[in-house]
Amino acid sequence: MIYDVLGVSYNSKLLFLGIIVTFLTTVISISFLKDVLPHDGGREFAVNGQLSKGKPRGAGIVFVFCFVIMSLIFVPVSKEYLVYCVLIIAAMLSGYLDDRSDVPWNEYKKGAIDLLISLLAAVTFVNFNKDTVGIFFKGEFYNIPSVIYVILATILIWVSINVTNCSDGVDGLCGSLSLVSLFTVFIILSSIGSEYSSYTLIIMASILGYLWFNISPSKLLMGDAGSRALGFVLGVLAMKTLNPVLYILFAFMLIVDGGLGLIKVFLLRFLKIAILKNVRTPIHDHARKNKNWSDAQVVYKFVVVQFLVSSFLVFCIL
């Protein structure tokens, strides 16, 4: 948008300006709006859950809107991206309404909403990227039938939304892991010349603005409003790398932290198979309760592992 107003071409200087403005806008917006956010009631079954009681919750509604608005201003916009913006907001609002609810939403209700949003994103990708519906492997591109790709992409985005949501339980953890994952994606997208690398930097700036308040001891929480939107973004960006399987590596610690719990619950609830009986999930709770790690240790160690995995990934593909 700003390029049309100023009559200039897209360039890195304006993108850098967008990054700075996004960060400052997020910090200022949260400062003014934090008192109108719902307050956390304390998570009964989470380790140290009562420490969050009374803190503003649902800050995702602020930093997600900041990201969407700033990206529309500072980065050239396509019709495809506009659809994703609507879906990002939908994912955020579904989480925010749950954050505000006196009674937490039913898991199946949230799962169904996530599934619908994921399906719409998968269909959107196939509709606008017919030539890249497939996967790169060993230097070759293998096409995948559109119907099968939609199914697989829907599963990917749904999983990404939920593992990211599950990782939001320690001050600074979800935001910090998402930053490392997004920066990894930025490097990959830049290497293939994707315009989505610019959007990635803008959302990273917005997350940094949120982390200004969320580093332990936090002053507020992103809630489902933030974690579900971040999961959606990571899932879509995985497809934009043209190799969605890379999600397993660039979101490795999100999958380990939140994904093992999802698998554990699914197997027990639907197949009556009990696994990881002596492991608390999400894994960050196991680390704090069973390993006596502090919140800071959890964040730093998880981030270090993700950084090492991301470094390996970048080294292998560049």
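Placed above this text is the structure.
Everything in this summary refers to the structure shown in the same document. (Residues numbered from 1 in each chain as written. Predicted model: local features only at pLDDT ≥ 70, side-chain atom pairs only at ≥ 80, totals over all residues. Heavy atoms only, no water.)

A few words on the layout of surface pockets. Empty space within the second largest pocket amounts to approximately 310 Å³. As for the second largest pocket, its lining consists of 14 residues, and the residues nearest its centre are Phe136, Thr241, Asn243, Leu246 and Ile317. Elements represented by at least two residues in the lining of the second largest pocket include exactly strand 1 (134-137) and helix 7 (173-191). Broken down by element, the residue count for the lining of the second largest pocket peaks at 3 residues, all from strand 1. Looking at the lining of the second largest pocket, its residues break down into 11 nonpolar, 3 polar and no charged. (1 Å grid on protein atoms, 1.4 Å probe; cavity = no way out; pocket = protein on both sides within 12 Å on 5 of 7 lines; lining within 4 Å. Points joined across faces, edges and corners; volume = space filled by probe spheres on them. Helix = DSSP H or I, 4+ residues; strand = E, 2+ residues; numbered from the N terminus. Nonpolar A, V, L, I, M, F, W, Y, C, P; charged D, E, K, R; others polar.)

Attention now goes to the pairing of strand 1. Two strands pair when backbone bridges link them, and strand 1 and strand 2 (residues 140-143) are joined in this way by 4 bridges, in the antiparallel orientation. Across the sheet, glycine 134 pairs through a bridge with asparagine 143, a residue of strand 2. The turn joining strand 1 and strand 2, which pair antiparallel and follow one another in sequence, is formed by 2 residues; a positive phi near 55 degrees is taken by lysine 138. (Pairing = 2+ DSSP bridges.)

Moving on, we come to unusual backbone geometry. A cis amide bond links serine 216 with the next residue in sequence, proline 217, at an omega value of -5 degrees. Residue placement: proline 217 occurs in the loop between helix 8 (196-214) and helix 9 (223-240). With omega at -5 degrees, the peptide bond leading from threonine 281 into proline 282 counts as cis. For proline 282, the position within the fold is in the loop between helix 11 (252-270) and helix 12 (283-289). Of note in this structure, leucine 242 is not a glycine but carries a positive phi near 70 degrees. Among the secondary structure elements, leucine 242 is positioned in the loop between helix 9 and helix 10 (247-250). Using a relative accessible area of 18% as the deciding quantity, one classes leucine 242 as buried. A positive phi angle is found at leucine 276, which is not glycine, with a value near 50 degrees. Considering the arrangement of structural elements, one finds leucine 276 in the loop between helix 11 and helix 12. What makes leucine 276 partly exposed here is its relative accessible area of 33%. (Buried < 20%, exposed > 50% of the residue type's maximum accessible area, 1.4 Å probe, protein only.)

Helix 8 packs onto helix 3 (residues 60-74) with a crossing angle of 145 degrees between their chain directions and a minimal axis gap of 9 Å. In the packing of helix 3 onto helix 8, the handedness of the crossing is right-handed. Only Tyr199, Ile202, Ile203, Ser206 and Tyr210 of helix 8 make contact with helix 3, whose side of the interface consists of Phe63, Cys66, Phe67, Met70 and Ser71. Across the contact of helix 3 with helix 8, the residue classes tally to 8 nonpolar, 2 polar and no charged. (Axes fitted to C-alpha atoms, helices over the stretch in contact; angles between N-to-C directions. Left-handed = near helix turned anticlockwise from the far one by under 90°. Contact = heavy atoms within 4.5 Å.)

For the structure shown, the criterion picks out 10 aromatic pairs. For the pair tyrosine 81 and tyrosine 196, a centre-to-centre distance of 6.1 Å together with 75 degrees between the ring planes defines the contact as edge-to-face. Separated by 115 residues along the polypeptide, tyrosine 81 in helix 4 (residues 79-100) and tyrosine 196 in helix 8 bring together distant segments of the chain. Under the relative-accessibility criterion, tyrosine 81 is labelled buried at 3%. Since its relative accessible area comes to 2%, tyrosine 196 is described here as buried. With centroids separated by 5.9 Å and ring planes inclined at 25 degrees, the aromatic side chains of phenylalanine 183 and phenylalanine 186 adopt a geometry described as stacked. Highlighted residues: phenylalanine 183 and phenylalanine 186, both in helix 7, separated by 3 residues, approximately one helical turn. The structure contains a cluster of three or more aromatic residues connected by ring pairs, namely Tyr81, Tyr84, Tyr196 and Tyr199. Over the ring of tryptophan 293 we find lysine 301, and its NZ or CZ is 4.2 Å from the ring centre. (Phe/Tyr/Trp six-rings, centres within 6.5 Å; stacked < 30°, edge-to-face > 60°. Lys NZ or Arg CZ within 6 Å of the ring centre and 35° of its normal.)

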